[in-house]
Amino acid sequence: MDNAVNLRSADNIRILSMSMVEKAKSGHPGGAMGGADFIHVLFSEFLNFDPSDPYWINRDRFFLDPGHMSPMLYSVLTLTGHFSIEDLKNFRQWGSCTPGHPELDVARGIENTSGPLGQGHTMAVGAAIAERFLATRFGELFSHKIYAFISDGGIQEEISQGAGRLAGFLGLNNLIMFYDSNDIQLSTETNAVTCEDTAMKYSAWGWNVIKIDGNNHEQIRYALNTAVNEKERPTIIIGKTIMGKGLVDNEGRPFERKTSTHGMPVSEAGGSFEKSLKNLGGDINDPFAIFDDVKVYYAKILEKKSLIASEWKKAKEKWAVENPELNKKLISFYKGDLPEIDFRSVVHKEGLATRAASANILAMLARTVENMIVASADLANSDKTDGFLKNTRPFRKGDFSGAFLHAGVSELTMAGIMNGMALHGGVIPACGTFFVFSDYMKPAVRLACLMGLPVKYIWTHDAFRVGEDGPTHQPVEQEAQIRLMERLKNHRGENSMLVLRPADSAETSVAWKLALENRKTPTALILSRQNIKDLPSATGDRYNDALMSEKGAYIVQDCQGVPDLILIASGSEVSTLVEGSLLLKNENIKVRIVSAPSEGLFRNQPQEYRKSVIPENIPVFGLTAGLPVTLEGLAGPKGRVWGVNTFGYSAPYKVLDQKFGFTAENVYNQVKEYLAGYGK
């Protein structure tokens, strides 16, 4: 072992990290410099990847939690050939592949988007579950390690509680996390906000805990070797590191362990960039240089990693010959292919709650989609994900033969874990809870939208009709918030999320069809607690009618000729409009009823189709159990929307329907008033 070149490699990472931030005049150099030793040893000696095949399915995964330490990751990935020096010089600039916080880019070795602290290592827990799920089905040939890097801030974020608890409970021995404990935060030292014993906390959760000097290469190697050989528990390596290791000030005195270097360039923080560069062995005339001996060393490292990957691929080829059917299944899992699913064949009783219809679909999916994993935040019997659970088994320590995760009361953790499963690949993750608790999940949902992860969210109890549970459990503003994600575009120009609120059982079947077919973005299924009358069908084939949900909005019931009025809603309110239309028809008002499960899909349709459903210059009345703004975009500037403008109340849901005006009679009254004043 050449200790000199290893120390030079770590210093080279420090130099590149410091130089990137200095040139950009923005960023976080201190933590990156302190973590350089661990990241070098991990990538050079332990992390398995194929330099010529970044998507190799059996690569080890590395999840960065503190995204502000991106200079460290970009620097080591430059040594491995994933980034160029020019990429580093464009750090934090428009159009560069080196943004301030890393964004998912597997081709360049970036396994996750990170920035919101705590989520990165939680995604690693999800990836570790996916790895165990797949290795259970295909054999230990397909086992690999999931590495995570977390900071003081990530340890403090509440999501770390759920991630640590679940990883320990499930005995994820394939998960190895390095805690970069440098005692410095952005605005204070760590001792100003906490005195907890992190080691005891993780030990209590069932983790293997190793304490080391995080800048000592021998201790890092020892800890990683011990962690790799651990058979029962996830491992956390608590490494005491030095913030801004190697920094000096203008007088050449040590400038390490400074809060200022956490979030600003060295020269602005009070240190000397030039003298620190020289102290670390760099060249002031070429601060982005890679040392010659480091180049040679990493070239040898890459040759070795290529050989390891090649040997594995040979073993996999032999396995494929011996297991042709399993190999076909493995390929289909990672490609995201779906088996033939006959959604029409699922028979629903009349007038079901859409959560119950979803349970029927989930029962069928548990038997047909072998790589689907469903989770629930302690609500399986209420969000009806138990339709899936009844046809499989929950994960237990050492047993991943089932496909259900009891996440416990930890919605944000569950959502982060789902993201990790999707990032790992080979599985289809879905999770359920009450719609009102989507508030807890939004930070992870937002990252799923940003990364384009096909996670399925099963959000039930969709409106004030939760009833007696009262306003704490009755969503009002949540649908408007989630539907904003349909309007927000991702970086590929697509709606960042597909949001579906089905109006009856048939639409629920189609909603699940659309959700599984959507492999580009997350999908939200917003489902009712209470029973809903099935919508009428002019064709006698309600499922076939509901297939028009693929266009986002469609005509459920029409009149002869040009309508006098268009009634529009989603979810359970559509059946209320049907009842109200009967009263309107008694007065010879010609009515068209439109179901709009997805405004985003509808807006993606050609203008010709949109105008055929909602023509211009015809009055539009919308009904929504959420904020009126939920439908105002479809109702248009001359339309009127009846919605809910207050928090709910505790009462039976039928009483709330009456009090809030969600009845056929109120639809009639509101429409009459609206039409009387229309155009005035």
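Residues numbered from 1 in each chain as written. Predicted model: local features only at pLDDT ≥ 70, side-chain atom pairs only at ≥ 80, totals over all residues. Heavy atoms only, no water.

To continue, consider the packing of aromatic side chains. Considering all chains together, one arrives at 26 aromatic pairs under this definition. Arranged with centres 5.6 Å apart and planes meeting at 65°, the rings of W56 and W312 form a pair that is edge-to-face. On the criterion of sequence distance, the pair formed by W56 in the loop between α3 (36-46) and β1 (61-64) and W312 in helix α13 (residues 292-322) is long-range, its members being 256 residues apart. Accessibility classification places W56 together with W312 in one group, the buried group. Between the aromatic rings of Y649 and F660, the centroid separation amounts to 6.2 Å while the plane-to-plane angle is 40°, which identifies the pairing as tilted. Of this pair, Y649 sits in the loop between β16 (640-642) and α26 (653-660) while F660 sits in helix α26, and the two are 11 residues apart along the sequence. The class for F660 is buried, based on a relative accessible area of 14%. Through a chain of ring-to-ring contacts, three or more aromatic side chains come together here, namely W56, F138, F142, W312, W319 and F333. The ring of F133 is capped by R137, whose NZ or CZ atom sits 3.5 Å from the centre of that ring. (Phe/Tyr/Trp six-rings, centres within 6.5 Å; stacked < 30°, edge-to-face > 60°. Helix = DSSP H or I, 4+ residues; strand = E, 2+ residues; numbered from the N terminus. Buried < 20%, exposed > 50% of the residue type's maximum accessible area, 1.4 Å probe, protein only. Lys NZ or Arg CZ within 6 Å of the ring centre and 35° of its normal.)

Moving on, we come to the pairing of strand β14 (residues 591-595). Most of β14 sits inside the fold, with five of its five residues counted as buried. In β14, alternate side chains face the same way, and those of V591, I593 and S595 on one face and R592 and V594 on the other are all buried. In terms of strand pairing, strand β12 (residues 554-557) meets β14 through three bridges, oriented antiparallel. In the sheet register, I555 faces β14, and the bridge partner there is V594. Sheet analysis places strand β13 (residues 565-569) next to β14, joined by five bridges and oriented parallel. The partner of L565 across the bridge, within β14, is V591. A crossover connection joins β13 to the parallel β14 through helix α22 (residues 573-585); in handedness this β-α-β unit is right-handed. (Pairing = 2+ DSSP bridges. Right-handed = clockwise from strand over helix to strand, strands pointing away.)

A word on the sheet that holds β13. Taken in spatial order, the five strands make up an open sheet running β12-β14-β13-β15-β16, and their pairing is mixed. Bordering the open sheet on either side are β12 and β16, each of which pairs with just one other strand. For this sheet the average axis-to-axis angle between neighbouring strands, irrespective of direction, equals 30°. Pairing between strand β15 (residues 620-623) and β16: three bridges, direction parallel. (Axes fitted to C-alpha atoms, helices over the stretch in contact; angles between N-to-C directions.)

Moving on, we get to the sheet that holds strand β5 (residues 235-240). Taken together, five strands build an open sheet; the order of strands is β1-β2-β3-β5-β4 and the sheet is parallel. Each edge of the sheet is formed by a strand with only one pairing partner; in this case those strands are β1 and β4 (208-213). Taking each pair of neighbouring strands and ignoring which way they run, the sheet shows an average axis angle of 20°.

Within the fold, I308 resides in helix α13. Judged by its relative accessible area of 37%, I308 is partly exposed. Considered as a pair, I308 and K240 are 68 residues apart in the sequence and their alpha carbons are 32 Å apart.

Below, the discussion takes up unusual backbone geometry. Of note, the phi angle at K25 is positive, near 60°, even though the residue is not glycine. In this fold, K25 is placed in the loop between α1 (3-24) and α2 (29-34). A positive phi angle, close to 65°, is found at D183, a residue other than glycine. Position of D183 relative to the elements: it lies in the loop between β3 (175-181) and α9 (198-204). On the basis of relative accessible area, D183 is assigned to the partly exposed category, the value being 34%.

Let's shift gears to the nonpolar core. Ranked by size, the top nonpolar core spans 149 residues in total, and within it I129, L365, M372, L405, M497 and W512 carry the most contacts. For this core, the leading source of residues is helix α6 (residues 119-138), giving 10 residues. Counting 58 residues, the second largest nonpolar core, distinct from the first, contains V5, A24, F43 and M69. (Core = buried A, V, L, I, M, F, W, Y, C linked by side-chain atoms within 4.5 Å.)

Attention now goes to the state of the cysteines. Considering all chains together, one arrives at zero disulfides under this definition. There is no disulfide at C431, and the cysteine sulfur nearest it, in C449, is 12 Å away. By relative accessible area, C431 is classed as buried at 0%. (Disulfide = S-S within 2.5 Å.)

What follows deals with the environment of Q605. Looking at the element boundaries, Q605 is found in the loop between α23 (599-603) and α24 (607-613). For the pair formed by Q605 and A480, sequence separation is 125 residues and the distance between their alpha carbons is 21 Å.

Attention now moves to the pattern of salt bridges. Where side chains of opposite charge bring their charged atoms close, a pairing between them can arise. Evaluation of the coordinates by the stated rule reveals 45 salt bridges. Measuring nitrogen to oxygen at the nearest pair gives 2.8 Å for the salt bridge that ties R221 to E45. Remark: E45 occurs in helix α3 and R221 occurs in helix α10 (residues 217-228); sequence separation between them is 176 residues. Accessibility expressed as a relative area gives 27% for E45, which makes it partly exposed. Here K533 makes a salt bridge to E579, at a shortest N to O gap of 3.0 Å. With a gap of 46 residues between them, K533 in the loop between β11 (523-526) and α21 (542-546) and E579 in helix α22 connect regions that are remote in the sequence. For K533, a relative accessible area of 54% puts it in the exposed group. One continuous salt-bridge network, built from bridges that share partners, spans D462, R465, E479, R483, E486, R501, E573 and D657. (Salt bridge = Lys/Arg side-chain N within 4 Å of Asp/Glu carboxyl O.)

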